[in-house]
Structures are given as C-alpha cells and as structure tokens.
Amino acid sequence: MPNRPPIFRPSWLPEPKPRKRPSAAQRGYDGPWQKKSRQYLNMRGNQECVYCKMQGKFRPATCVDHIIPHRGNEALRMDVTNWAASCLRCNSRKGDRPVEQFVKELTHGT
Ligand SMILES: [Zn+2]
C-alpha cells in the first residue's frame, strides 16, 4: 500500500481547536435521565417513533421527546407521562414547540 500523502494544511491556517461541548450533566442530561430514558425506549411499544407512525412511516425511536416542552422544568422533564418515543429527526424537527402544532404539521404536510 502506498503511503497516503499528508493532508495539506496552509501554514497560515490555525490548528483546529478541539471542540468543547458542555458535558451531558451540564446540559441537563445526567445519569438518571439517561438511564430512565433508555429504559423507556426498551419498553414494549416504544421502539418506534410515534410521530413517524402518525404518517404511516416506521423509524426506530432513538430518543425521548417531551410532549409538553419542559423548558428546564425538572418535574416535567422526568415525568414519563410527558414522554414520547421519537426518532432524532422528529425530535429535532419538533424542537420545543407544542405537540399539537407539530402533529398538525405532520398530518397536514407542509
Ligand atoms: Zn420520527
């Protein structure tokens, strides 16, 4: 195998800085949440994204969406009845909008 040529980097270009991201705990996604949400997604019926299902699509749920945006409200965040199994796509598409609005968008198409 020939050696791969070194990646060219102009001398004026500064070294890329290591990306600093706040830890999961700092972002409010700490141990208990992670453990609980993982358990939630392993529960029967929570393997598929509920929002995709509404559109007749099937995608594996990889995250937990908050039906009512918790906006830092700890009780609301950890309330399982406020959770919905969601794929990453729907989760980020919904953002912290009210679920009614998002569902309307999904079912009526925009
Ligand atoms: Zn989805």
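Coordinates for the structure precede this section.
Residues numbered from 1 in each chain as written. Predicted model: local features only at pLDDT ≥ 70, side-chain atom pairs only at ≥ 80, totals over all residues.

Asker: Just to check I follow, could you spell out the overall build of the protein chain for this structure?
Answerer: What the protein chain contains, in helices and strands, is five helices and two strands. Along the chain direction, N to C, the helices and strands of the protein chain fall in the order α-α-β-α-β-α-α. Since a compact globule built from 110 residues should have a radius of gyration of about 13 Å, the 20 Å found for the protein chain marks it as more spread out than a globular shape. In the protein chain, buried positions account for 9% of the 110 residues. (Helix = DSSP H or I, 4+ residues; strand = E, 2+ residues; numbered from the N terminus. Rg over C-alpha atoms; globule rule 2.2 N^0.38 Å. Buried ≥ 20, exposed ≤ 12 C-beta atoms within 10 Å, placed from the backbone.)

Asker: Even after reading the chapter, I still don't get the environment of valine 64, so can you show me in this structure?
Answerer: Checked against the element boundaries, valine 64 lands in strand 1 (residues 63-66). Along the chain, valine 64 and lysine 53 lie eleven residues apart, while their C-alpha atoms are 15 Å from each other. When residues no more than four places from it in sequence are discounted, the contact partners of valine 64 are Ser37, Tyr40, Leu41, Trp83, Ala85 and Ser86. (Contact = placed C-beta atoms within 7 Å.)

Asker: What is the right way to look at helix 1 (residues 31-42) in this model?
Answerer: For an α-helix, 3.6 residues make a turn, and residues three or four places apart therefore share a direction. In this model, helix 1 (twelve residues) spans 17 Å end to end at C-alpha, consistent with the 16 Å of a helix rising 1.5 Å per residue. The element helix 1 is largely exposed, with a buried count of zero among its twelve residues. (Expected span 1.5 Å × (residues − 1).)

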